[in-house]
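# Notes for the structure review
Take a look at the letters that make up each chain.
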Amino acid sequence: MAFSNPAFVADGDSEKPSTINLTSKLPEFNPAKKPLRDKWGKDIEFLLSCIALSVGLGNVWRFPFTALENGGGAFVIPYLFVLFLVGRPIYYLEMLICQFSSRGCINVYDAVPAMRGIGYGQVYSTGVVMAFYASLLGITTRYLVASFGNPLPWSECQDSWDANCIDSGLAVLEGAGANATMVVSAELYFVKEVLNAADSLDDGIGTPDWRLVLCLLVPWTCVCLVLIKGIKSSGKASYFLAIFPYVVMLILLIRSCTLEGAGTGMLYFIKPQWDRIFEAKVWYAAVTQMFFSLTVCFGNVMMYSSYNRFTNNVNRDVTVVTILDTLTSMLAGLIVFGVIGHLAHVTNSPDLSKVVRGGGGLAFITYPDAIAKFTFWPQFFAVAFFLMLFVLGIGSIVGMATTIMTVIRDRFPHLKPSLVAIGIAIVGFGIGIIYTTPGGQFLLDFLDFYGASFVALVLAVFEIITLSWIYGVGRLCRDIEFMLGIRTGLYWRICWGFVTPIMLIAILIYHIVTYEAFTSNGYVFSNGMYAFGWCVFAAGVLQLPAWAVYAVLKRKETNWKERISSCFRPTYDWGPEDTELNVKYRESVEKHVQTLTLKQNLLRRIYDNVFK
């Protein structure tokens, strides 16, 4: 444990000693082994890139439908609670550790080499999310092209849909609510025209829609071009990626507020349902949504902060990003639930949770329905909205793709950035084609659960335990003081040491104990699909023990006990990237180790780990 022996160990391929003798000279740090990383052009570019990364599809697309599925206000209160006690501390922790070390989400585990599999598992999960996020941008591109039509194609019912349909373009519907089974044209357009959605996967996923395949090329081309230009290009693009969406969302909020019945929907969103607020599954949904909203525990924040200058004030950045992220989620929720309240009014539906088709397609139903009711130039607002959604998605995907690219280039620095970028785009596009099939949305929901949400929660537990209790809260706080010259407050120490890990562990245990087979809009998958889902889950989580075994086998000590224990201490070159700073840092660690009392009871060691 970190609080018992915080000394460095040598890298497995090095001839340097395995531990530092406290009375001897520190082993020489050789900067030639690792080229210096690129840096952000300006600190503001890092901040805006984090906003573009975290304030994205997770807020505008995923947050509203997750809130709808979990009782509206019954979900919002746990979400805000989790954001304050779990999301914000983890966000700050990830920023700090990677800015301090200038290492990405894999190499940052030089701090605890045995746990390097956490980083690989998170990169795997990032790849899963990146692929289906890009497919959503393919759908967005399809809507963006259709937005130039007059009238908007989803604003009117089509005879071929053969359903009880209500024109979304009608602002006032006299007596339309007599039949509660009626469906707005925006929903039918999404299901029947855009997705050509299958009712089940019993007959397979079907053939890819060529129009969606072509649309999928657009986001991947944009992402590839940004990746080729490098991290500084990403910083320049962030000015537009972070600011433009708020203009459009404010316009939509104003329009949503003017719809009849919108107040009922918004009240449903913000008013807690106290009988559901203590349901553990709602808290699980809040935690997993927090991962997507802030994009923590996927390695993306770690990657961005690893390109920071050493003394950047990340405390300020964390405050700005988390506040904006929360406000964006609430803003998106008010817009969507305002429209849902209006739809409930026109269809005479007493249950808001069943007004529209749930799941990931919710954003492609409620937002277009609201836009169809614009009496002045709806095409302009449709183009603006779907361009905004596209921009938000690109900001998120660029961050995810850059994470994967950073991992590859850290491992193979001789590879050209353009080659890696093109390779990522080709593989991502190839995987994304499965989401353009009639059964694609079933697969999206399925892989979101088994390959992203569940994996992220498990790895988040190990991440917080690793950094807080193996590396150590106390050592982390001393690193912060060395880097920024500030002492860490009690809020951060208590959250990192106790509150955050306890909450994550409790929610994970409950989720495992009460696990039920995943269903999508009531559809129960086959046993073969569930077996495939567990394989997808295992491919992410088993990275942890696999890389731990590798780390132990890589060691050169003859004693197995020493081999294992050395894998839980930082490598000899751990610390700041700059050579002089690294030497000074390791001297400060040596001085602290000399002050430790070897014989301490457990409570004293726990106290020292968190508060010293």
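Check the entry above for the structure.
Fair warning: this is a prediction, and the values are worked out from it, not measured in the lab. (Residues numbered from 1 in each chain as written. Predicted model: local features only at pLDDT ≥ 70, side-chain atom pairs only at ≥ 80, totals over all residues. Heavy atoms only, no water.)

To continue, consider the side chain of Gln122. The residue Gln122 is located in helix H4 (residues 116-146) in this model. What makes Gln122 buried here is its relative accessible area of 0%. What Gln122 contacts, discounting residues up to four positions off in sequence, is Tyr109, Cys297, Phe298, Gly299, Leu459 and Glu463. (Helix = DSSP H or I, 4+ residues; strand = E, 2+ residues; numbered from the N terminus. Buried < 20%, exposed > 50% of the residue type's maximum accessible area, 1.4 Å probe, protein only. Contact = heavy atoms within 4.5 Å.)

Put simply, helix H5 (residues 185-194) and helix H12 (residues 363-372) touch, their axes get as near as 8 Å, and they point 140 degrees apart. It follows from the interaxial angle that H5 and H12 lie oblique. Crossing handedness for the pair H5 and H12: right-handed. Contacts between H5 and H12 pair Ala186, Glu187 and Phe190 from the former with Phe364, Ile365 and Asp369 from the latter. A breakdown of the residues in the contact of H5 with H12 according to their chemical character gives four nonpolar, no polar and two charged. (Axes fitted to C-alpha atoms, helices over the stretch in contact; angles between N-to-C directions. Parallel < 35°, antiparallel > 145°, perpendicular 65-115°, else oblique. Left-handed = near helix turned anticlockwise from the far one by under 90°. Nonpolar A, V, L, I, M, F, W, Y, C, P; charged D, E, K, R; others polar.)

Summed over the entire model, instances satisfying the criterion amount to one disulfide. Here Cys157 pairs with Cys165 through a disulfide, and the sulfurs are 1.9 Å apart. One disulfide, between Cys157 and Cys165, carries an S-S torsion of -85 degrees and so falls in the left-handed class. The class of Cys157 is partly exposed, set by a relative accessible area of 25%. (Disulfide = S-S within 2.5 Å.)

A few words on the nonpolar core. Of all hydrophobic cores here, the largest spans 195 residues; its most connected members are Trp61, Tyr133, Trp154, Met290, Phe291, Trp496 and Leu504. If near-sequence neighbours (up to four positions away) are discounted, Tyr133 is found in contact with Leu57, Gly58, Trp61, Phe292, Ser396, Ile397 and Met400. (Core = buried A, V, L, I, M, F, W, Y, C linked by side-chain atoms within 4.5 Å.)

Right, let's talk about the pattern of salt bridges for a bit. Counted according to the given criterion, the structure contains eleven salt bridges. Taking the shortest distance from any N to any O, the salt bridge between Asp573 and Arg103 comes out at 3.7 Å. Pair noted here: Asp573 is in the loop between helix H20 (560-566) and helix H21 (579-595) and Arg103 is in the loop between helix H3 (73-101) and H4, with a separation of 470 residues, a long-range link. A single burial state applies to Asp573 and to Arg103, both of which are buried. Among the ionic pairs, Arg569 bridges to Glu562, the shortest N-O distance being 3.0 Å. Judged by relative accessible area, Arg569 falls into the buried class, the value being 6%. (Salt bridge = Lys/Arg side-chain N within 4 Å of Asp/Glu carboxyl O.)

Here we take up a nonpolar patch on the surface. A surface patch of nonpolar side chains, amounting to about 360 Å² of accessible area, comprises Leu225, Ile228, Ile422 and Ile426. For the nonpolar patch, the secondary structure elements donating two or more residues are helix H6 (210-229) and helix H14 (417-432). With respect to the helices and strands, Leu225 occurs in helix H6. Exposure remark for Leu225: the relative accessible area of 53% places this residue in the exposed category. (Patch = residues over 30% accessible without salt bridge, like charges linked within 9 Å, V, L, I, M, F, W, Y side chains within 5 Å. Areas by Shrake-Rupley, 256 points an atom, 1.4 Å probe, with all protein chains shown as cover.)

In the structure shown here, the tally under the stated rule is 55 aromatic pairs. Between Phe454 and Trp534 the ring centres are 6.0 Å apart and the planes differ by 65 degrees, which places this aromatic pair in the edge-to-face class. One end of the pair, Phe454, is in helix H15 (residues 440-470); the other, Trp534, is in helix H18 (residues 527-541), with 80 residues separating them in the sequence. Geometry around Trp560 places Arg563 over its ring, the cationic atom sitting 4.6 Å from the centre. (Phe/Tyr/Trp six-rings, centres within 6.5 Å; stacked < 30°, edge-to-face > 60°. Lys NZ or Arg CZ within 6 Å of the ring centre and 35° of its normal.)

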